[in-house]
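The chain contents come next:
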Amino acid sequence: MDKDRASARLRILLRHLGGRSAGAVIAQPTSEGVSPASFHPQQFQYTLDNNVLSLEQRKFYEENGFLVIKNLVSDADIQRFRREFERICRNEVKPLGLTVMRDMTITKSEYAPSERTITKVQDFQEDEELFRYCTLPEILKYVECFTGPNIMAMHTMLINKPPDTGRKTSRHPLHQDLHYFPFRPSSSIVCAWTAMEHIDRSNGCLVVLPGTHKGTLKPHDYPQWEGGVNIMFHGIQDYDKDNARVHVIMEKGDTVFFHPLLIHGSGRNKSQGFRKAISCHFAGANCHYIDVKGTSQENIEKEVLEVARKRHGVNDASLSLKDVWMLRARLVKGQRVNL
C-alpha cells in the first residue's frame with residue numbers, strides 16, 4: 001500500500017515538474033540549525049503536490065519537518081479568538097466537551113473566573129467562534145498540502161502559557177505529538193500552530209529538533225522534574241541530546257506547520273505576561289484508528305480513559321481511546337471517510 005501510494009505521488013510530481021509554483025508566501029528559517037534540502041524532488045515523502053507550496057518550502061519541510069508561514073492569520077481574527085477565550089475564562093460561555101486546564105502551581109483556592117488562572121483550553125470543536133480557526137481558508141490552503149482534500153480537525157487548543165512561578169512548570173518537555181494520537185498514517189497528520197502575539201525565548205517559544213520527523217515514535221512518560229510537571233505533559237525519555245535545536249521566533253499571525261513525529265517542546269515563560277497561541281492538529285479523513293495496546297502509547301491511553309470516565313461519570317470498561325477521539329474529530333473540508 002505504501003509503495004503504491006509513493007508511486008502515485010511520484011507520477012503526479014513528474015507531471016508537474018518544471019511548472020512554477022503558485023505559493024506566494026515564503027517561509028523563513030527562524031534560527032540556525034536547519035538543514036538545506038539534500039535530495040531530488042522525486043523523493044518527496046511528507047508533502048503533496050497541489051501547487052500551493054513552493055519548491056523551496058517543500059524541500060524545507062521534507063528535510064526539517066516544520067515550516068513557518070509569516071503573517072498568515074489576520075489581527076482581526078486573532079482578536080476575536082482572544083475575546084472568546086476571555087469569555088470562556090469568565091464562564092460566560094461553556095462549550096460542550098471543552099477541557100479547561102490550569103498550571104499545577106495554581107491552587108484550588110485561586111480558581112477564579114479569570115484568564116490568569118487558566119493556562120489552556122482544548123477540545124473547542126463545539127465552540128463555533130474558536131473553531132473558526134480550523135476552518136480559515138488561509139489555514140486549510142496549507143493543511144491540504146499535507147493531508148489531502150478530505151480534512152478532519154482532530155485536536156484543538158488555545159494555549160495561555162503563564163509567567164513561570166520559579167518552579168519551571170510553564171515549560172513543556174520535548175515530545176512527539178503522535179504519542180497522543182491513535183490514528184495513522186503519520187504522514188497525513190499536521191499541526192497548525194499560530195502565534196497570537198510576539199513569541200520568543202523570553203516568553204517560551206517553541207523549540208524544535210529539525211529532521212527528527214524522519215525517525216520513529218519514541219517512548220514517552222512524565223519527566224522527573226524537581227518542580228513537578230503538569231498533567232499529560234509527557235516527554236521523550238531518550239533522545240539524541242546532540243541534535244541541533246531551533247527556537248521558533250514568531251510574530252502575531254505567523255503560523256508554523258509541523259509533522260507529528262517532530263520532536264519539540266517549549267521553554268518556561270520568563271516574562272510577566274501570558275503567552276498565547278492557538279492550534280489544531282489536522283488529519284486526512286482517509287487515516288484510520290489503531291489499537292495502541294501493547295505499544296509505547298498504552299500509558300497515555302490509560303491516562304486519557306481514566307480522565308474521560310471520571311469526567312463523564314462513565315464506568316463502561318468498553319470505552320476506548322478511539323471513542324474519545326471520535327468525539328473530538330470534526331470534518332472541516334471534503335468528505336469524512338474513516339475518522
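One structure accompanies this document, and this report is about it. (Residues numbered from 1 in each chain as written. Predicted model: local features only at pLDDT ≥ 70, side-chain atom pairs only at ≥ 80, totals over all residues. Heavy atoms only, no water.)

### Here we look at the pairing of strand β1 (residues 66-69)
Phase 1: Side chains Phe66 and Val68 project from β1 onto one buried face, and the interleaved Leu67 and Ile69 project onto a second face that is buried too.
Phase 2: Across 4 bridges, β1 lies against strand β12 (residues 255-258) in antiparallel orientation. Paired with Leu67 across the strands is Phe257, a residue of β12. (Buried < 20%, exposed > 50% of the residue type's maximum accessible area, 1.4 Å probe, protein only. Helix = DSSP H or I, 4+ residues; strand = E, 2+ residues; numbered from the N terminus. Pairing = 2+ DSSP bridges.)

### A short note on the pairing of β12
Phase 1: A two-sided burial pattern is seen for β12, the buried positions comprising Thr255 and Phe257 on one face and Val256 and Phe258 on the other.
Phase 2: Relative to β12, strand β7 (residues 189-195) runs antiparallel, the two sharing 4 bridges. Among the inter-strand pairings, Cys191 is bridged to a residue of β12, identified as Phe258.

### Brief notes about the sheet that holds strand β8 (residues 206-208)
Phase 1: As summarised here, the arrangement of the 4 strands in space is β5-β13-β8-β11, forming an open sheet in which the pairing is antiparallel. At either margin of the open sheet sits one strand with a lone partner, and together these are β5 (172-175) and β11 (246-248). Averaged over all neighbouring strand pairs, the angle between strand axes comes to 25 degrees, with direction disregarded.
Phase 2: Pairing analysis gives 3 bridges linking β8 to strand β13 (residues 264-266), with the strands arranged antiparallel. Across the sheet, Val207 pairs through a bridge with Gly265, a residue of β13. (Axes fitted to C-alpha atoms, helices over the stretch in contact; angles between N-to-C directions.)

### Quick look at the nonpolar core
Phase 1: The biggest cluster of nonpolar side chains holds 59 residues, and the ones touching the most others in it are Phe66, Tyr133, Cys134, Ile139, Trp193, Phe257 and Phe282.
Phase 2: Those residues in contact with Tyr133, other than ones at most four positions away along the chain, are Val73, Phe81, Ile139, Ala192, Trp193, Thr194, Thr255, Ile278, Ser279 and Cys280.
Phase 3: Counting residues in each nonpolar core, the second largest holds 22 residues, with Leu178, Ala285, Tyr289 and Leu339 among its members. (Core = buried A, V, L, I, M, F, W, Y, C linked by side-chain atoms within 4.5 Å. Contact = heavy atoms within 4.5 Å.)

### With respect to unusual backbone geometry
Phase 1: Residue Pro185 is reached from Arg184 by a cis peptide bond, and omega for that bond is 5 degrees.
Phase 2: Along the chain, Pro185 turns up in the loop between β6 (183-184) and β7.
Phase 3: Positive phi values are uncommon outside glycine, yet Asn71 reaches one of about 50 degrees.
Phase 4: Its location among the elements puts Asn71 in the loop between β1 and α3 (75-89).

### Regarding the pattern of salt bridges
Phase 1: Per the counting criterion, the structure on display carries 15 salt bridges.
Phase 2: Here Arg87 makes a salt bridge to Glu92, at a shortest N to O gap of 3.8 Å.
Phase 3: Residue Arg87 is classed as partly exposed on the basis of its relative accessible area, which comes to 31%.
Phase 4: Among the residues examined, Glu92 registers a relative accessible area of 44% and is labelled partly exposed.
Phase 5: The closest approach of N and O atoms between Glu128 and Arg330, which form a salt bridge, is 3.2 Å. Taken as a pair, Glu128 in helix α4 (residues 128-135) and Arg330 in strand β16 (residues 330-333) lie far apart in primary sequence, 202 residues in all.
Phase 6: Owing to a relative accessible area of 47%, Glu128 belongs among the partly exposed residues under this scheme.
Phase 7: According to the relative accessible area criterion, Arg330 is partly exposed, its value standing at 24%.
Phase 8: In this structure, a network of salt bridges that share partners links the residues Asp77, Arg80, Glu129 and Arg132. (Salt bridge = Lys/Arg side-chain N within 4 Å of Asp/Glu carboxyl O.)

### What to know about the packing of aromatic side chains
Phase 1: Enumeration over the complete set of coordinates arrives at 9 aromatic pairs.
Phase 2: Pairing Tyr61 with Phe146 gives two aromatic rings, centres 4.5 Å apart and planes at 45 degrees, and the pair type is tilted. Note that Tyr61 is positioned in helix α2 (residues 55-64) and Phe146 in helix α5 (residues 137-147), a separation of 85 residues in sequence.
Phase 3: Accessibility expressed as a relative area gives 1% for Tyr61, which makes it buried.
Phase 4: Relative to Tyr133, the ring of Phe81 lies with its centre 6.0 Å away and its plane at 85 degrees, an arrangement referred to as edge-to-face. Of this pair, Phe81 sits in helix α3 while Tyr133 sits in helix α4, and the two are 52 residues apart along the sequence. Per residue, the accessibility class of Phe81 equals that of Tyr133, and both read buried.
Phase 5: In textbook terms, an aromatic cluster arises when at least three aromatic residues are bridged by ring pairs, as seen for Tyr61, Tyr142, Phe146 and Phe257.
Phase 6: The ring of Phe44 has Arg58 lying over it, and the distance from NZ or CZ to the ring centre is 4.0 Å.
Phase 7: Above the ring of Trp325, the side-chain terminus of Arg328 is found at 4.4 Å from the ring centroid. (Phe/Tyr/Trp six-rings, centres within 6.5 Å; stacked < 30°, edge-to-face > 60°. Lys NZ or Arg CZ within 6 Å of the ring centre and 35° of its normal.)

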